[in-house]
Amino acid sequence: MKKRIIILGSTGSIGSSTLNILERDLSNFSITLLTANKNYKKLIKQAKKFNAENIIIKDKKYFKYIKNELRNYKTKVYCGNISLKKIIKKKVDYTISAIVGIAGLYYTIEALKITKILAIANKESIVCAWNIIYNLSLKYKTKILPVDSEHFSIFNLTKDFSDNDIEEILITASGGPFLDTPLNKLKSITPTQATKHPNWKMGKKISIDSANLMNKFFELIEATKLFNINPKKYKIIIHPQSYVHSIIRFKNGLIKMILYNTDMEIPISNTIYGFKSDFSNIKNINVEKLNQLTFKKVNIKKFPSIKLLNKCFKIGKLAPIMINAANEELVSLFLKNKIKFLDIVNSLLKLVDDKEFKKVSYKKVKNVDDIYLYDNWARLKIHNISVK
Ligand code: NDP
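What counts, and where the lines are drawn
One numbering rule holds for all chains: residues counted from 1, following each sequence as written. A pLDDT threshold of at least 70 governs which residues receive local features in this predicted model, and a stricter bar of 80 or more applies before side-chain atom pairs are shown or counted, although totals over entire chains, interfaces and linings include all residues. Each side-chain value is worked out from all heavy atoms of the structure, with water and hydrogens disregarded. Distance thresholds for patches are 9 Å for like charges and 5 Å for nonpolar side chains (Val, Leu, Ile, Met, Phe, Trp, Tyr), applied to residues having over 30% relative accessible area and no salt bridge. All accessible-area figures derive from a Shrake-Rupley calculation using a 1.4 Å probe, and residue coverage is judged against the displayed protein chains alone. Criterion for a salt bridge: a side-chain nitrogen of Lys or Arg within 4 Å of a carboxyl oxygen of Asp or Glu. Counting from the N terminus, the helices are DSSP H or I runs at least four residues long and the strands are E runs at least two residues long. Aromatic contacts are taken between Phe, Tyr and Trp rings whose centres are within 6.5 Å, Trp giving its six-membered ring; a plane angle under 30 degrees counts as stacked, one over 60 as edge-to-face, and the others as tilted. Exposed residues in this analysis have more than 50% of their type's maximum accessible area, buried residues have under 20%, and partly exposed residues fall in between, with area computed by a 1.4 Å probe over protein chains only. Criterion for a charge above a ring: Arg CZ or Lys NZ at most 6 Å from the ring centre, at most 35 degrees from the ring normal. A fitted line through C-alpha atoms represents every axis, and for helices the fit uses only the stretch in contact; the resulting angles, taken between N-to-C directions, go from 0 to 180 degrees. Each angle gets one of four labels, with under 35 degrees taken as roughly parallel, over 145 as roughly antiparallel, 65 to 115 as roughly perpendicular, and the rest as oblique. Put simply, a crossing is left-handed when the front helix is turned counterclockwise from the back one by less than a right angle, and right-handed when it is turned clockwise. We call two residues in contact when some of their heavy atoms are within 4.5 Å. Each pair of strands is called paired provided DSSP finds at least two bridges between the two strands.

### Here's the deal with a nonpolar patch on the surface
Among the surface-exposed residues, Ile 255, Met 257, Leu 259 and Phe 295 lie close enough to one another that they form a single nonpolar patch of about 320 Å² accessible area. Mapped onto the elements of the fold, Met 257 is located in strand 11 (residues 255-259).

The structure is reproduced here in structure tokens:
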């Protein structure tokens, strides 16, 4: 029987990579749902090509046009935030959550209720709402698999071990496009320069987060949520080649690491095929390049985003939700050329030192509405801090 698949954020980088994988093996899969925000052209193309059962476009203004374009297809078209339980009656086999930002939380939660496996790339949902996601996964018996390359690797390396067995976990960072750029040149970085990652092809938001290492801030928090390991054991290390995705130093003297090509199809595909993907003839790592693996400490002066981690762990648990929201706003302002590249992290550092922010960080999050409440609070607050 064909496996039924949902791709949340199908028009994005992770969503498109997922469809590439499925396209190579279409006799074994059927597409139950694809979603997008505004890219109606790509969504229509995907719906036709993959004979999707359902599609959702977030932005209502494209709804009628899409419906008309697909009038001769079996695809049902929806828009906005709807209940997935209402349109998908039978549990699907696999869902990938690949919407960018906290916008991905709504459908991540909806998908938890109707899927057997939920592969999560949308790190912002994990960072902001892990307790809610985890409790729902228990309630609905949904298996959660991390897709982010570092977390996919940590998951594989630590699944048969406990915190007691582990001395240290190193999360690797490529250092992004400005690893070797002098500090004084960072002032004038443009959005085009910042979205050109040397090793990975990704969406704009995560590319900016990678350029100033905010991505590592989120990934470290993401790891502390996903794995039952003392947060103090995580460290970030620069590894410009991006072949090694994480390194685990075990107490028994062994060090283990996972290496693979800088291609998100590898972790995604392994979550689809239960870690039995076949990349033997497709994308092999060139072993000769392993002679040139280098590792070095993060230059905190150049990448002060890493300082946020210490500050964040010293205040209330709400801090990551608010830092994520503020960062989303700042990235969007930078992409519109309204603030400078360095303003992103400088504003976040100001935010975490703000008295009011610290006070709010100790509030309790009881449900998803609370997450949206404090997310909104931080968005308004960061505008006061960053845009004069
Ligand atoms: P992209 O920007 O390439 O794609 C984002 C997807 O989300 C698109 O389908 C987009 O639709 C949709 N989307 C955007 N805003 C909204 C919204 N408000 N409501 C509903 N849908 C929306 O992002 P990536 O694929 O690069 O990243 C997706 C997630 O995966 C992120 O959380 C990222 O951190 C994570 N990730 C990505 C990696 C990568 O290599 N790209 C690696 C590891 C993690 P539309 O096209 O219509 O705008």
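Read on, since the account is not over.
### Let's talk about the packing of aromatic side chains
Inspection of every chain in the model, using the stated rule, returns twelve aromatic pairs. Between Phe 155 and Phe 275, the aromatic rings sit 6.1 Å apart at their centres with planes inclined by 25 degrees, giving stacked as the arrangement. Taken together, the positions of Phe 155 in helix 7 (residues 149-158) and Phe 275 in the loop between helix 11 (265-272) and helix 12 (307-313) put the pair 120 residues apart, joining distant regions of the chain. Judged by centre distance (5.2 Å) and plane angle (80 degrees), the rings of Phe 217 and Phe 218 are edge-to-face. Exposure remark for Phe 217: the relative accessible area of 0% places this residue in the buried category. Residue Phe 218 is classed as buried on the basis of its relative accessible area of 2%. Joined through ring pairs, the aromatic side chains of Phe 152, Phe 155, Tyr 260 and Phe 275 make up one cluster. One Lys or Arg, Lys 256, reaches over the ring of Phe 250 and ends 5.2 Å from the middle of that ring.

### A few points about the packing of helix 1 (residues 13-23) against helix 2 (residues 40-50)
One way to put it is that helix 1 packs onto helix 2 with a least axis distance of 12 Å and a crossing angle of 15 degrees. With respect to helix 2, the element helix 1 is oriented roughly parallel. Viewed along their axes, helix 1 and helix 2 form a crossing whose handedness is left-handed. Where helix 1 approaches helix 2, its residues Ser 16, Leu 19 and Glu 23 are matched on the opposing element by Lys 42, Gln 46, Lys 49 and Phe 50.

### A short note on the sheet that holds strand 7 (residues 143-146)
Think of a sheet as strands paired side by side through backbone hydrogen bonds, with each pair either parallel or antiparallel. Spatially, the seven strands line up as an open sheet ordered 4-3-2-1-5-6-7, and their pairing is parallel. Bordering the open sheet on either side are strand 4 (76-79) and strand 7, each of which pairs with just one other strand. Across the sheet, the mean angle from the axis of one strand to that of its neighbour is 20 degrees, orientation sign disregarded. The sheet contacts of helix 5 (residues 105-112) involve strand 1 (3-8), strand 3 (54-57), strand 5 (92-97), strand 6 (115-120) and strand 7, and relative to strand 6 the element is tilted by about 150 degrees.

### A few points about the sheet that holds strand 8 (residues 166-173)
Ordered in space as 9-8-10-11, the four strands form an open sheet in which the pairing is mixed. Edge positions in the open sheet fall to strand 9 (234-238) and strand 11, since each of these has one partner strand only. The average angle at which neighbouring strand axes cross in this sheet is 20 degrees, direction not considered. Pairing geometry for strand 8 and strand 10 (residues 244-250), over five bridges, is antiparallel. Paired with Leu 170 across the two strands is Ile 247, which belongs to strand 10. Across the sheet, helix 7 touches strand 8, strand 9, strand 10 and strand 11, and the angle it forms with strand 10 is around 35 degrees. Sitting on the sheet, helix 10 (residues 214-226) touches strand 8 and strand 9, and the angle it makes with strand 8 is about 150 degrees.

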